[in-house]
Amino acid sequence: NAGVTQTPKFQVLKTGQSMTLQCAQDMNHEYMSWYRQDPGMGLRLIHYSVGAGITDQGEVPNGYNVSRSTTEDFPLRLLSAAPSQTSVYFCASSYTTGGNTEAFFGQGTRLTVV
Amino acid sequence: SQKIEQNSEALNIQEGKTATLTCNYTNYSPAYLQWYRQDPGRGPVFLLLIRENEKEKRKERLKVTFDTTLKQSLFHITASQPADSATYLCALDRAGGSYIPTFGRGTSLIVHP
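In short, a report on the structure. (Residues numbered from 1 in each chain as written. Chains lettered and ligands numbered in written order. Predicted model: local features only at pLDDT ≥ 70, side-chain atom pairs only at ≥ 80, totals over all residues. Heavy atoms only, no water.)

### Details of the pairing of strand E4 (residues 31–38) of chain A
Residues and elements named next belong to chain A. Of all 8 residues that make up E4, 8 are buried, and the element is covered over most of its length. Where burial is concerned, the two faces of E4 agree: the one with Tyr31, Ser33, Tyr35 and Gln37 and the one with Met32, Trp34, Arg36 and Asp38 are both buried. As defined by bridge partners, E4 adjoins strand E9 (residues 87–97) across 7 bridges and the pair is classed as antiparallel. Residue pairing for E9: Ser33 is matched across the bridge by Ala92. Bridge count for E4 against strand E5 (residues 42–51) is 7 bridges, and the pairing is antiparallel. Each bridged residue has a counterpart across the sheet, and for Asp38 the counterpart in E5 is Gly42. Between E4 and E5, which pair antiparallel one after the other, the connecting turn spans 3 residues, and Gly40 there sits at a positive phi close to 80°. (Buried < 20%, exposed > 50% of the residue type's maximum accessible area, 1.4 Å probe, protein only. Helix = DSSP H or I, 4+ residues; strand = E, 2+ residues; numbered from the N terminus. Pairing = 2+ DSSP bridges.)

Below, the structure is given as structure tokens:
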């Protein structure tokens, strides 16, 4: 019963490096999203997807790219890491049925950019 | 843009008492409101959803109210236990109708034995 799986759990990058945070869900959910969580700032939406092939920007998209080629996977790419991107990143998948909706979150990736 | 406000100060209560957390929102009329629990180092976990046409929802020791006139939701935990200590997040549906929640900053609850 995997749910939403994020890898890696921890990562240290040097300024200017690029990397991809992986997110996979096995619940066949249409909706997937990436958030970052900083102390005192709560969860802020970076990018989201309402289905395979469809992505859109959230509140804080600059410096990040996403793609959704399959229902299961929604990777987040950091193009050129900056210290301001030091944060905890959460991936979530959501379903909706009969007016109910619920988001399931991964365990998070703690990223430090030095 | 929609704004969600939760008390940033931690709520400290004694075991057995009722904890009440507040979520206020502005610049939006959400179709629903959700509450999540987050433990340190973990992702949020869904607790309850209440729709705009519902005044109150209950689940075991949890109760949520939704006042669309006041633009406010109250989240109650009755007979609180130390295990209820966590951060509780309020979330609204994102403007534009997608089922991607927008979160408040959360309120930390500490239940003392």
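Back to the text.
### So, unusual backbone geometry
Along the chain, Thr7(A) connects to Pro8(A) via a cis peptide bond; the corresponding omega equals -5°. With respect to the helices and strands, Pro8(A) occurs in the loop between strand E1 (4–7) and strand E2 (10–13). Even without being glycine, Asn28(A) reaches a positive phi, approximately 60°. Mapped onto the secondary structure, Asn28(A) falls in the loop between strand E3 (19–25) and E4. Since its relative accessible area comes to 62%, Asn28(A) is described here as exposed. Even without a glycine there, the phi angle at Ala79(B) is positive, about 45°.

### A short note on the state of the cysteines
Here a disulfide denotes a covalent bond joining the sulfur atom of one cysteine to the sulfur atom of another. Residue and element names in this part refer to chain A. Taken as a whole and assessed by the stated rule, the structure comprises 2 disulfides over all chains. The side chain of Cys23 participates in a disulfide bridge whose partner is Cys91; the two sulfur atoms lie 1.8 Å from each other. On the sign convention where negative means left-handed, the S-S torsion of about -70° between Cys23 and Cys91 marks this disulfide as left-handed. Taken together, the residues Cys23 in strand E3 and Cys91 in strand E9 connect sequence positions 68 residues apart. (Disulfide = S-S within 2.5 Å.)

### Looking at the side chain of His47(A)
Residues and elements named next belong to chain A. Looking at the secondary structure, you find His47 in strand E5. Of the polar contacts made by the side chain of His47, one reaches the backbone oxygen of Tyr64; its length is 3.0 Å. If we skip the residues at most four places from it in the chain, His47 touches Ser33, Trp34, Asp56, Gln57, Gly58, Pro61, Tyr64, Asn65, Val66, Phe74 and Leu76. (Polar contact = N/O pair within 3.5 Å; in protein donor to acceptor, adjacent residues only side chain to side chain. Contact = heavy atoms within 4.5 Å.)

### Structural notes on the packing of aromatic side chains
Overall, the coordinates contain 14 aromatic pairs over all chains when judged by the stated rule. Ring geometry for Tyr31(A) against Tyr99(B): centres 5.6 Å apart, planes inclined by 55°, an arrangement best described as tilted. Of this pair, Tyr31(A) sits in strand E4 while Tyr99(B) sits in the loop between strand E9 (86–93) and strand E10 (101–103), which puts the two residues in different chains. The exposure class assigned to Tyr31(A) is buried, which follows from its relative accessible area of 10%. Tyr99(B) sits in the partly exposed class, given a relative accessible area of 25%. Among the aromatic residues, those joined into a ring-pair cluster are Tyr35(A), Phe90(A), Phe105(A), Tyr36(B), Phe46(B) and Phe103(B). (Phe/Tyr/Trp six-rings, centres within 6.5 Å; stacked < 30°, edge-to-face > 60°.)

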